[in-house]
Amino acid sequence: MTLLATPWALRRQGVIGMNRRNFELVGAHNHRQAYPLVDNKLFTKRLAAKAGIPMPRLLGELSRQFEVEKISERIGELDKFVIKPAQGSGGRGILVIHGRENGHYRKSSGEVIATAEIKRLLTNIISGLYSLGGRTDSAIIESLVVASEMFDQISVGGVPDIRVIVFQGYPIMAMLRLGTLKSEGKANLHQGGIGVGIDLRTGASLGAVQYNRRVTHHPDSGVSLDDIHIPEWKSLLALACRCFDATKLGYLGCDIVIDRDAGPLLLEMNARPGLAIQLANDCGLEPRLCAVRERVAFAPSVDERVAFALDGLGGAIP
């Protein structure tokens, strides 16, 4: 199936638009008091630690401008790390460092930068340049995830992640997000990353999009995107289910990475996940939402929810 472009045709195919997402999903199922748990990545890390949900290791945080001048001491001899705004969104303000060269730092794109540029980024983060609503923010320094070897040929620059949409505790749709040279290694679709639809039942790829257009190969490496199989799929879905249990957010996006040594790790959660995942999967969310609504009024155990997803959501997945 290929999603048609007219509003009437899209609705007939079960595609959820922004207004319906905001009112029927985010507004109806996400209590506002829970938003800070996912809007602030420091809060998310604390929540995840309490719930036993694995995440990349927190190496430090900066929330005051005078701390920026001492950043060289804070990062010490670290060769690999990530800096990001605690309240950022859309991949803005994230710096991924893969190594050092002659006292400078090498980004995921291969570009080498000086400490002064890191200080400038930190100043901008703390001042709120990248935060939701422009509020003053904190900068997070965390360990760099080393992606599973299977991603070496299908992603460029950064670490790919798997976005899982969870509705009332049930995983209902997933996509793999791959970095490109255009996206500077970041897995964000609006910056030029690639979204690969993933079969919820098997963890296998279904097709890919970049800038909302179908692609069959990675634009930089030329590698085919048609035969990808996500490892530890069942464990990954279980991790996504546990994020609902920790937050009670009924409509949730979970971004998960697969570390070479640690396996699936939660990268972050999103209380307002975007809708491009429907394009990547070439199908709408509506039938899957209905399948969950018709199943139970509350979410049973994690194992039961995962089993329901692996079984095709009661026939909602063709």
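Note: the structure precedes this text.
S.K.: Report on helix H9 (residues 286-295), specifying residues and quantitative values.
M.R.: At 3.6 residues per turn, the α-helix brings residues three or four places apart onto the same side. Every buried residue of H9 is accounted for by Glu286, Arg288, Leu289, Ala291 and Val292. Close packing links the buried residues of H9 with helix H2 (18-29), strand E7 (161-167), strand E8 (170-178) and helix H10 (302-310).

S.K.: Would you mind going over the pattern of salt bridges in detail, with residue names and values included?
M.R.: For the structure on display, the rule yields 20 salt bridges. The salt bridge involving Glu24 is made with Arg20; its shortest N-O contact spans 3.1 Å. Taken as a pair, Glu24 and Arg20 lie in helix H2 at a separation of four residues, close to a single helical turn. Among the ionic pairs, Lys45 bridges to Glu142, the shortest N-O distance being 2.8 Å. Separated by 97 residues along the polypeptide, Lys45 in helix H4 (residues 41-51) and Glu142 in strand E6 (residues 139-142) bring together distant segments of the chain. Exposure remark for Lys45: the relative accessible area of 11% places this residue in the buried category. Taken together, the shared-partner salt bridges in this structure form one network comprising Arg20, Glu24, Glu286 and Arg293.

S.K.: Can you lay out the layout of surface pockets for me, pointing to particular residues and giving the numbers?
M.R.: Computed from the structure, the largest pocket encloses a volume of approximately 1000 Å³. For the lining of the largest pocket, the secondary-structure elements that each account for two or more residues are H2, helix H3 (35-39), strand E2 (81-85), E7, E8, strand E10 (205-210), strand E12 (251-259) and strand E13 (263-270). For the lining of the largest pocket, the class distribution of residues is 22 nonpolar, 14 polar and 13 charged. The calculated volume of the second largest pocket comes to roughly 240 Å³. Lining the second largest pocket are 13 residues, and of these Ile94, Leu95, Lys107, Ile113 and Leu121 sit closest to its centre. Put simply, the parts of the chain that give the lining of the second largest pocket at least two residues each are strand E3 (95-101) and helix H6 (115-127). By residue number, the principal contributor to the lining of the second largest pocket is H6, which donates three residues. When its residues are assigned to classes, the lining of the second largest pocket shows five nonpolar, two polar and six charged.

Basis of the calculations
For every chain, the first residue of the written sequence is number 1, and numbering continues from 1 along that sequence. Two thresholds apply to this predicted model, a pLDDT of at least 70 for residue-level local features and 80 or more for giving and counting side-chain atom pairs, whereas whole-chain, interface and lining totals are computed over all residues. Note: side-chain values were computed over all heavy atoms of the structure, leaving out hydrogens and water. Burial classification: accessible surface area is computed with a 1.4 Å probe over protein chains only, and a residue below 20% of its type maximum counts as buried, one above 50% as exposed, and the rest as partly exposed. Labels follow the DSSP assignment, with helices taken as runs of H or I lasting at least four residues and strands as runs of E lasting at least two, numbered in each case from the N terminus. We call two residues in contact whenever any of their non-hydrogen atoms come within 4.5 Å of each other. Each reported salt bridge corresponds to a side-chain nitrogen of Lys or Arg within 4 Å of a carboxyl oxygen of Asp or Glu. For each structure, a 1 Å grid was placed over the protein atoms alone; sets of points admitting a 1.4 Å probe that cannot get out are labelled cavities, open sets with protein on both sides within 12 Å along at least five of seven lines are labelled pockets, and lining residues have an atom within 4 Å of a point. Grid points are joined across faces, edges and corners, and a volume is the space filled by probe spheres set on the points. When residues are grouped by polarity, Ala, Val, Leu, Ile, Met, Phe, Trp, Tyr, Cys and Pro land in nonpolar, Asp, Glu, Lys and Arg in charged, and all others, Gly among them, in polar.

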